[in-house]
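These are the residues of each chain, in order.
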Amino acid sequence: MSVGQPPNPDDVYQHFLDHRERIGRDPNTIRAERQALDLLEEFVNKKGIQPGDVTRTVASEFIQYLYNQGYAERTVLAHARGVGRFYDYYSNTGYYEANPMELAIQKANLSREKQSRLPEVTVTEMREIIGKISHPLTLVIVLILAKTGMRRGEITNLDLRDVHIDDNRVNDQLPDPRPEIENKPDSLFVPSNVSEGDEYNGETRMAGNKRKRSTTIPIDDELKQVIVYWLAVRPPSRSPARPLLTTPDAQGKYEQFGDRVIDDHVYRRVRNVAKKEGLWSSTGQKGDQVSPNMTPHFFRHFFTTHMRDRSSDLLVRFIRGDKGDDIMDEYTHQWGQKVERDYLNNIYKMIE
């Protein structure tokens, strides 16, 4: 589908981004477009084709490729539109014949109407919401959700051995950390090999960890302080696994003081916060990931959206535990240089 002479035969991606910068596009927009084009380049390289060879059918395959990588629908839409602007530019200059993404987006039925059902919450607004939370368990749950994008089941499965806090105040509260984080102070470890019903670390699990790879997630100073605060008031566990989150107030029929907090408990606490903030609609259903409600799953979108604006797509994919490749393996082996430093330099502050 290529015609004419390339404006920059060495790098059509960078030429487009340079053009966007010259015409004064917002730096955040350019950063997002760079992330989208990185994904396009990765996709076409795997197919062994050039970007000019992308047809509407191949563009549809690219959209499905984004879904397969674990991106939410709103993120797929954002990346598809970023790539669409790339093809618009080259079709307008006569280098490519058409924009294959435009029809592919229509075919996939991606629309703003569907995306708008998710609440739009800025970092500033989330900071105000968190500032009103007084219960220590609710605070630590919401802050972990907002700053890591972890699923609620993954949070409930955290045991004390999965938490490495470098602070003398918690030496008596925390056991020796598991080997994966023994040399990584101020971090959380989220294993991938936990499924609902598994006997794991001496306890049957009520939820599974759905991530594709085990992940070590950095803890910044404010999350560290909240976890230290929680450990000071945390009810002693009834389980030999010693979960991080234990219930101080049994909310369900079978819950008792000191039980592991289950995912329904997390859901209820987030729902209560959302209702107070007007971010809950009775029309939204519990399992509906595109509902207008601020559910625990919403925070995964919140983290993905706002952290991608500040850092790299690869970092976000690593923290989310998305399926690995050679680059992600490199992130694992150079955790301190490529993950911890990048995360701590860019994670948004939630407590004033």
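Residues numbered from 1 in each chain as written. Predicted model: local features only at pLDDT ≥ 70, side-chain atom pairs only at ≥ 80, totals over all residues. Heavy atoms only, no water.

Once that is clear, we can look at the pairing of strand β2 (residues 187–190). Along a regular strand, successive side chains alternate from one face of the sheet to the other. Every second residue of β2 is oriented toward a common face, with S187 and F189 on one face and L188 and V190 on the other, all of them buried. Pairing between β2 and strand β5 (residues 215–218): four bridges, direction antiparallel. Its bridge partner lying in β5, S187 is registered against P218. (Buried < 20%, exposed > 50% of the residue type's maximum accessible area, 1.4 Å probe, protein only. Helix = DSSP H or I, 4+ residues; strand = E, 2+ residues; numbered from the N terminus. Pairing = 2+ DSSP bridges.)

With that settled, consider the environment of I63. Assignment of secondary structure puts I63 in helix α3 (residues 56–68). Using a relative accessible area of 3% as the deciding quantity, one classes I63 as buried. Considered as a pair, I63 and L40 are 23 residues apart in the sequence and their alpha carbons are 9.7 Å apart. Beyond its immediate chain neighbours, meaning those up to four positions away, I63 contacts V76, A80, M101, A104, I105 and A108. (Contact = heavy atoms within 4.5 Å.)

Moving on to the packing of aromatic side chains. The way to describe two aromatic rings as a pair is by their centre distance and the angle between their planes. Counted according to the given criterion, the structure contains 17 aromatic pairs. A ring pair is formed by F86 and Y90, whose centres lie 5.1 Å apart and whose planes are at 70°; its orientation type is edge-to-face. With a gap of four residues between them, F86 and Y90 both fall in helix α4 (residues 73–92), about one helical turn apart. With respect to burial, F86 and Y90 carry one shared label: buried. The interplanar angle of 70° and the centroid separation of 5.3 Å between the aromatic rings of F298 and F299 together place this pair among those described as edge-to-face. With respect to class, F298 is no different from F299; both count as buried. Joined through ring pairs, the aromatic side chains of Y13, F16, F86, Y87, Y89, Y90, Y95 and Y96 make up one cluster. (Phe/Tyr/Trp six-rings, centres within 6.5 Å; stacked < 30°, edge-to-face > 60°.)

The next point concerns helix α2 (residues 27–47). Since one α-helical turn is 3.6 residues long, residues separated by three or four positions face the same way. Compared with the 30 Å implied by 1.5 Å per residue over 21 residues, the 30 Å span of α2 between its first and last C-alpha is a close match. When α2 is considered as a whole, its buried residues turn out to be I30, E33, Q35, A36, L37, L39, L40, E42, F43 and V44. Check the buried side of α2 and you find it contacts α1 (12–22), α3, α4, α12 (296–310) and α13 (313–320). Of the residues one or two after α2, G48 is the one with positive phi, at around 75°. (Expected span 1.5 Å × (residues − 1).)

Take it as geometry only, folks, not as evidence of what the structure does.
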